Amino acid sequence: MENVSVIIPAYNEEKTIGQVINIVNQSNINCEIIVVNNCCTDNTSKVAAEKGAKVVQCNQKGKGYAMKAGLD
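Draft legend 1. Inspection of the nonpolar core at higher detail. The biggest cluster of nonpolar side chains holds nine residues, and these are Ile8, Ala10, Ile17, Ile21, Val24, Ile33, Val35, Ala48 and Ala53. When contributions to this core are tallied by element, the ones reaching two or more residues are β1 (4-10), α1 (17-26) and β2 (31-38). A per-element tally of this core places α1 first, with three residues. Every residue in contact with Ala53, bar those within four places of it in the chain, is listed here: Ile21, Ile33, Val35 and Ala48. Of all hydrophobic cores here, the second largest spans seven residues; its members include Val36, Val56, Ala66 and Ala69.

Reading the values: the criteria
- Residues numbered from 1 in each chain as written.
- Predicted model: local features only at pLDDT ≥ 70, side-chain atom pairs only at ≥ 80, totals over all residues.
- Heavy atoms only, no water.
- Core = buried A, V, L, I, M, F, W, Y, C linked by side-chain atoms within 4.5 Å.
- Buried < 20%, exposed > 50% of the residue type's maximum accessible area, 1.4 Å probe, protein only.
- Helix = DSSP H or I, 4+ residues; strand = E, 2+ residues; numbered from the N terminus.
- Contact = heavy atoms within 4.5 Å.

Here's what the structure looks like:
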């Protein structure tokens, strides 16, 4: 089975990011989860890290910038 990287751009998703990560983890796909903190002002990064996701910072607002940061 191939490895897959799941990139999740996030902006102030503290309340839902844990659920999203849980759903990805329940799949039968061998994957790494990368959550891109896109200028969050809440605890999105903390929650994502506690759920085992790799957290990447992106200091430019926008989904496109966040996806690129996740790829890099």
